[in-house]
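Architecture and fold: a report
Here are the chains, one letter per residue:
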Amino acid sequence: MRETALFFLYLFACLVLAALLTWPLMQTGWIDQDPQRVMGRLAQVAILIGLWPVLRTMGVADRGSLGYAAPRPVFLRTLGLGWLAGVTILTALALALVALDVRIPEVKPLARLAPKASQALVGGLVVALLEETFFRGALYAAVARRTGAGSAILWSAVLYALLHFMKPRSLPDGVAYDWAAHWGIFLSTFTSPWQWHNLDSFVALLLVGVFLGLVRRRTGHIGWCIGLHAGWVFVIQVTRSLTDGNDGAALAWLAGTYDGVIGWLAAAWIGVLALGLVRLPRGDAAPRERDA
């Protein structure tokens, strides 16, 4: 857990820096953006700028630790296969939500769908590349090196799920943006993960992290992880474009509040896949890592 705490402290420091910079920037009047968006973007910039020195300090800045040890042809092939598998897995979930009337299809012209699908494809690959390099790459390697693969799978999944909800929230309507409200926005970053209505999506994302960690352990690299992750993002974005949430459905609680897709049904589906992966006999293609 020590390595996870160090990564979390680094991210916390970046958020504090972003909060300290946001207030004077907003006072200049030069930026025509909501303060929570400015704070979030500054935090992302700070994380990207400082990440490589942090990884070097922790000794996980090499290709193997980051999950890129596989030969390029193997890595690219598994990334592509992972994308197809990810699309298949999440398409089954999306179709189940439609069949249960949790999401209602909305007919859209192909001319409007094609740009959205292209954006989802590119965006999914970018998100997957960054997040998998960090969580199933650097963080996984740092924890596994000290306490074993089991701990690496668990703690990388926990931090992965938490960070999906750790975002500055907008001010309530009618609340003026002042010094106190500014720090209220900052504190909102740490309250969202613990709100009851986010529990379903949090559990689902936790199990997604566990599943991807198991894939990382089994294969020895993150090619499959990037592909799976990118495929899931692609299907979620396309599903949100082609369907609308149906809050009046009897089983509406199966879809999550985070994005209307990832909820209890997704948690059950990914959990079953993770259990199947655990029970699947392990081949000799990937090096075995020490268990916790």
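All figures in this text were calculated on a predicted structure; none of them were measured in a lab.

Looking only at helices and strands, the protein features 10 helices and two strands. Structurally, the protein occupies a C-alpha span of about 60 × 50 × 35 Å along its principal axes. For the protein, with 292 residues in total, the buried portion stands at 46%. Across the protein, contacts joining residues at least 24 apart in sequence account for 81% of those joining residues at least 6 apart. Here the protein displays about 14,800 Å² of accessible surface, and carbon together with sulfur accounts for 67% of that area. Across the protein, 24 positive and 17 negative side-chain charges occur, with their mean positions spaced 11 Å apart.

Looking now at the packing of aromatic side chains. Evaluated as defined, the whole model comprises 15 aromatic pairs. Residues Phe135 and Tyr160 carry aromatic rings whose centres are separated by 5.3 Å and whose planes lie at 85° to one another, so their mutual orientation is edge-to-face. In this pair, Phe135 sits in helix H5 (residues 110-147) while Tyr160 sits in helix H6 (residues 149-163), placing the two residues 25 residues apart along the sequence. Each member of the pair, Phe135 as well as Tyr160, carries the same accessibility label: buried. Of the aromatic side chains, those joined through ring pairs into one cluster are Phe12, Trp23, Tyr177, Trp179, Trp183, Phe186 and Phe190.

In the structure shown here, the tally under the stated rule is two salt bridges. The partner of Glu132 in a salt bridge is Arg136, with the nearest N and O atoms 2.8 Å apart. Of this pair, Glu132 and Arg136 are both found in helix H5, four residues apart, which corresponds to roughly one turn of the helix.

Residues that lie three or four places apart on an α-helix share one face, since the helix turns once every 3.6 residues. For H6, spanning 15 residues, the distance from its first C-alpha to its last is 21 Å, which sits close to the expected 21 Å at 1.5 Å a residue. Along H6, the residues that are buried comprise Ala149, Ser151, Ala152, Ile153, Ser156, Ala157, Leu159, Tyr160, Ala161 and Leu162.

Now for the packing of helix H1 (residues 2-28) against H6. Where H1 contacts H6, the two axes come as close as 10 Å, and the packing angle between them is 20°. By the angle between their directions, the pair H1 and H6 is classed as roughly parallel. H1 and H6 meet at a crossing whose hand is right-handed. Taking contact as the criterion, the partners of Thr4, Phe7, Phe8 and Leu11 in H1 are, on H6, Trp155, Leu159 and Leu163. Across the contact of H1 with H6, the residue classes break down as six nonpolar, one polar and no charged.

Let us look at the nonpolar core. Ranked by internal contacts, the top residues of the largest apolar core, which has 76 residues, are Phe7, Leu55, Leu90, Phe211, Trp232 and Ile262. Looking at which element gives the most residues to this core, the answer is H5, with 11 residues.

To continue, consider the side chain of Ser156. By the secondary structure assignment, Ser156 is in helix H6. The class for Ser156 is buried, based on a relative accessible area of 1%.

Further remarks concern the packing of helix H2 (residues 35-58) against helix H7 (residues 179-188). Two elements in contact, H2 and H7, have axes whose closest approach is 10 Å; the angle formed by their N-to-C orientations is 55°. Relative to H7, H2 is oriented oblique. For the element pair H2 and H7, the recorded crossing hand is right-handed. Residues Pro35, Gln36 and Met39 of H2 lie in contact with H7, whose contacting residues are His182, Ile185 and Phe186. Taken together, the residues of the contact of H2 with H7 break down into four nonpolar, two polar and no charged.

Next up on the list: the environment of Leu66. Position of Leu66 among the secondary structure elements: in helix H3 (residues 63-66). When residues no more than four places from it in sequence are discounted, the contact partners of Leu66 are Trp52, Leu55, Val60, Ala61, Thr133, Gly137, Ala138 and Ile222.

Inspection of the secondary structure puts Met58 in helix H2. Given a relative accessible area of 21%, Met58 falls into the partly exposed group. With 81 residues separating them along the chain, Met58 and Leu139 place their C-alpha atoms 9.8 Å apart. Ignoring anything within four residues of it in the chain, the contact list for Met58 reads Glu3, Leu6, Phe7, Ala142 and Arg145.

Further remarks concern helix H9 (residues 223-242). Compared with the 28 Å implied by 1.5 Å per residue over 20 residues, the 29 Å span of H9 between its first and last C-alpha is a close match. Within H9, 16 of the 20 residues are buried, which leaves the element mostly enclosed by the surrounding structure.

This part covers the environment of His164. Tracing the backbone shows His164 in the loop between H6 and H7. A relative accessible area of 12% means that His164 is categorised as buried. Taking C-alpha positions, His164 is 25 Å from Arg56, a pair spaced 108 residues apart along the chain. With sequence-adjacent residues up to four places away left out, His164 is seen in contact with Glu131, Leu205 and Tyr258. Only 2.7 Å separates the side chain of His164 from the backbone oxygen of Tyr160, close enough to count as a polar contact.

Cut-offs used in this document
- Residues numbered from 1 in each chain as written.
- Predicted model: local features only at pLDDT ≥ 70, side-chain atom pairs only at ≥ 80, totals over all residues.
- Heavy atoms only, no water.
- Helix = DSSP H or I, 4+ residues; strand = E, 2+ residues; numbered from the N terminus.
- Buried < 20%, exposed > 50% of the residue type's maximum accessible area, 1.4 Å probe, protein only.
- Contact = heavy atoms within 4.5 Å.
- Areas by Shrake-Rupley, 256 points an atom, 1.4 Å probe, with all protein chains shown as cover.
- Lys, Arg positive; Asp, Glu negative; His and termini not counted.
- Charge placed at Lys NZ, Arg CZ, Asp CG, Glu CD.
- Phe/Tyr/Trp six-rings, centres within 6.5 Å; stacked < 30°, edge-to-face > 60°.
- Salt bridge = Lys/Arg side-chain N within 4 Å of Asp/Glu carboxyl O.
- Expected span 1.5 Å × (residues − 1).
- Axes fitted to C-alpha atoms, helices over the stretch in contact; angles between N-to-C directions.
- Parallel < 35°, antiparallel > 145°, perpendicular 65-115°, else oblique.
- Left-handed = near helix turned anticlockwise from the far one by under 90°.
- Nonpolar A, V, L, I, M, F, W, Y, C, P; charged D, E, K, R; others polar.
- Core = buried A, V, L, I, M, F, W, Y, C linked by side-chain atoms within 4.5 Å.
- Polar contact = N/O pair within 3.5 Å; in protein donor to acceptor, adjacent residues only side chain to side chain.

Treat this as a map of the structure, not an account of what it does.
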